[in-house]
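Notes for the structure review
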Protein chains: 2
Amino acid sequence: MNIAVVGLGIIGGSFAKALKKYTDHHIIGINRTQSVLEIALEEKAIDEIGTEESLKTADVVILALYPQAAISFIEKNGQHIKKGAIVTDSSGIKREICPRMVELSKQFGFEFVGSHPMAGKETNGFESSEAELFEGASYIITPCEASGEAVRTLSDLALKMRFGTIKITDPEEHDRMIAFTSQLPHVLACAYVLSPCCLNHKGFSAGSYKDVSRVANINAVLWSELFLENREPLIKELDTLIDNIHAITDAVKANDKEAIEQLLEAAHKTKEKLGE
Amino acid sequence: MNIAVVGLGIIGGSFAKALKKYTDHHIIGINRTQSVLEIALEEKAIDEIGTEESLKTADVVILALYPQAAISFIEKNGQHIKKGAIVTDSSGIKREICPRMVELSKQFGFEFVGSHPMAGKETNGFESSEAELFEGASYIITPCEASGEAVRTLSDLALKMRFGTIKITDPEEHDRMIAFTSQLPHVLACAYVLSPCCLNHKGFSAGSYKDVSRVANINAVLWSELFLENREPLIKELDTLIDNIHAITDAVKANDKEAIEQLLEAAHKTKEKLGE
């Protein structure tokens, strides 16, 4: 197949590299900055630099752009996409993206399948991309109105790129769960490192500081967009988190050892149930 | 030297194994449960099972017990400790422990040096201990009233056990920093996994969930004791954390992208300054 990867940042770059490494498909690279395309071509992460013409030859179009940029790209270039081609996004929110993409798919005659690769790094850009980024990770698919065949084609590609799990869901459940598994840890890590103590932590810290603070090394522009695009589920999780921290804080303030133990034991039991 | 390690859990067991592996000192093991001592002897983690008599021969006594248990041990066995011997604890709080230990050191004629090895695991017990546990970790020393020579002896032992950093401080700074680097991440991880979403996270999560939730696999009894023994510094950090989460939450509720970006960017800058 001809596969166009649009946006050669860490995610798009890794898609291109993984597809080149693990499949024989022909990879078309599309990116705003020309210099990145030339590097990608030189590194054989892509087979050709995309044009309106080559976009027409793509059987699968993988968008690896910020959510709003993904929609704008299709609004602008939809007419160059082959009828019946499969188009997928990679964005971390789905309720905002999928309905509009389904509209556009009808307007331009392609099939839209929502997807979200659960992988990343603290660093960004093509230079951070790697063929192994998706090794064992989860690939979430929100089929929306796409055919079973389109969904299968995409899951097969994901498994070839070494994803470990394919999770099929709907935009609502996706966004509710992602608010907890992805956005909340980012809020939490940022709130944590904003303590005045943080800049003096060296020599006093071990694994727990390192792990909890890691994702505070954040792309503020991307994540503030993601937070607002997933506002309601995120607010619900934030309110729950604040309640739970308050419960522990109140027990500490009240010197109530039993209450603290019960709260910590409930957390411990949750991890045990999950086999973590 | 003869070194007595009291309490062969993960920390004490790792001290014994590291001392056996990296030094030629004679290791005396003391532990409440006899069966653990026999295993430790069989595994050559210790050279002998301690008695009141052999405790008298120890030049260094390393306590690897819960804070209150460490004090009780010395109150009960202080008279069997050699005059001039170095005694150190390993507890995660210092203001509660050091003054009382200094009193006891005067009563029984030994030298007390507070210490805190910044290493651990989610699992506990001798079976989780390993000679490499301290590899590159930080060893915090609160000299209190001990001589420079006693502090040097202890730091030399720590470096032989492969600690990467020796941090000399006082009980107040220790407890203030530990509230942030160690206790706060544990509160935060527990509060996080208490979300109703947590039990359904599989397939929706990636590194950020894993890292932020790791230490929620907690020893509820030990940590509720640590929280209360470091109550004031912890409460201060908890209030700061809640304020920072509120700031981000309010910006999300107010749909204020700029305010969110500023808060996330402040966090990002902190990690950058720290070279993390």
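Because the structure is predicted, anything quoted here is derived from the model rather than measured.

What follows deals with the domain arrangement of chain A. All names here are of chain A. Examined at the domain level, chain A breaks down into domain 1 (2-169) and domain 2 (174-274). Between the C-alpha centres of domain 1 and domain 2 the distance comes to 31 Å. Contact residues are listed per partner, giving 16 residues for domain 1 and 16 residues for domain 2. Sorting the residues of domain 1 by area buried against domain 2 places Tyr66, Arg95 and Glu122 first, and these three jointly supply 44% of that buried surface. Linking domain 1 with domain 2 are one salt bridge. Across the salt bridge formed by Asp175 and Arg95, the nearest N and O atoms sit 2.7 Å from each other. Across the contact surface, domain 1 and domain 2 share seven residue pairs in polar contact (both at pLDDT 80 or more). Taken together, the residues of the side of domain 1 that touches domain 2 sort by class into five nonpolar, seven polar and four charged.

Let's shift gears to the interface of chain A and chain B. Counting residues at the interface gives 85 residues for chain A, matched by 85 residues for chain B. Here chain A and chain B share an interface that buries about 8,100 Å² over both sides, 71% of which is from carbon and sulfur atoms. Contact with chain B buries surface across chain A, with Phe180, Tyr192 and Phe204 of chain A losing the most and accounting together for 10% of the total. Summed over the shared surface of chain A and chain B, the result is four salt bridges. Residue Lys253 of chain B pairs with Asp239 of chain A through a salt bridge whose shortest N-O separation is 3.0 Å. Where chain A touches chain B, the interface holds 34 residue pairs in polar contact (both at pLDDT 80 or more). Counting residues per element, the ones that place at least two in the side of chain A that touches chain B are strand 7 (138-142), helix 7 (171-193), helix 8 (207-213), helix 9 (220-229), helix 10 (231-253) and helix 11 (257-273) of chain A. Looking at which element gives the most residues to the side of chain A that touches chain B, the answer is helix 7 of chain A, with 17 residues. A class-by-class count of the residues in the side of chain A that touches chain B yields 45 nonpolar, 23 polar and 17 charged.

What follows covers the pattern of salt bridges. Residues and elements named next belong to chain A. In this structure the tally under the stated criterion is 34 salt bridges over all chains. For Lys17, the salt bridge goes to Glu43, with nearest N and O atoms at 3.9 Å. One end of the pair, Lys17, is in helix 1 (residues 10-22); the other, Glu43, is in the loop between helix 2 (34-42) and strand 3 (48-49), and 26 residues separate them in sequence. The class for Glu43 is partly exposed, based on a relative accessible area of 45%.

With respect to the helices and strands, the residue Met118 of chain B is situated in the loop between strand 6 (111-117) and strand 7 (138-142). Not counting chain neighbours up to four residues away, the residues in contact with Met118 of chain B comprise Gly203, Phe204, Ser205 and Ala206 of chain A together with Ala137, Ser138, Ile140, Phe163, Ile178 and Thr181 of chain B.

Moving on, we come to the relation of the copies chain A and chain B. Screw-axis analysis of chain A against chain B gives a translation of 0.0 Å along the axis, an RMSD of 0.0 Å, and a rotation angle of 180 degrees. A rotation of that kind, with that shift, is consistent with a two-fold axis. When you check the interface residues of chain A against chain B, 100% turn up at the interface there too, and the contact is symmetric in its surfaces.

All names here are of chain A. All buried positions along helix 2 are accounted for by Val36, Leu37 and Ala40. Projected onto a plane normal to the axis of helix 2, the buried residues spread over an arc of 100 degrees and lie on a single side. Where helix 2 is buried, its residues meet strand 2 (26-30) and strand 3. Positive phi appears at Lys44, one or two residues downstream of helix 2, with a value of about 55 degrees.

Analysis parameters
Residues numbered from 1 in each chain as written. Chains lettered and ligands numbered in written order. Predicted model: local features only at pLDDT ≥ 70, side-chain atom pairs only at ≥ 80, totals over all residues. Heavy atoms only, no water. Domains from an automatic or database assignment. Contact = heavy atoms within 4.5 Å. Buried area = accessible area lost by both parts, 1.4 Å probe. Salt bridge = Lys/Arg side-chain N within 4 Å of Asp/Glu carboxyl O. Polar contact = N/O pair within 3.5 Å; in protein donor to acceptor, adjacent residues only side chain to side chain. Nonpolar A, V, L, I, M, F, W, Y, C, P; charged D, E, K, R; others polar. Helix = DSSP H or I, 4+ residues; strand = E, 2+ residues; numbered from the N terminus. Buried < 20%, exposed > 50% of the residue type's maximum accessible area, 1.4 Å probe, protein only. Least-squares fit on C-alpha atoms with pLDDT ≥ 70 in both. Arc of directions from axis to C-beta.

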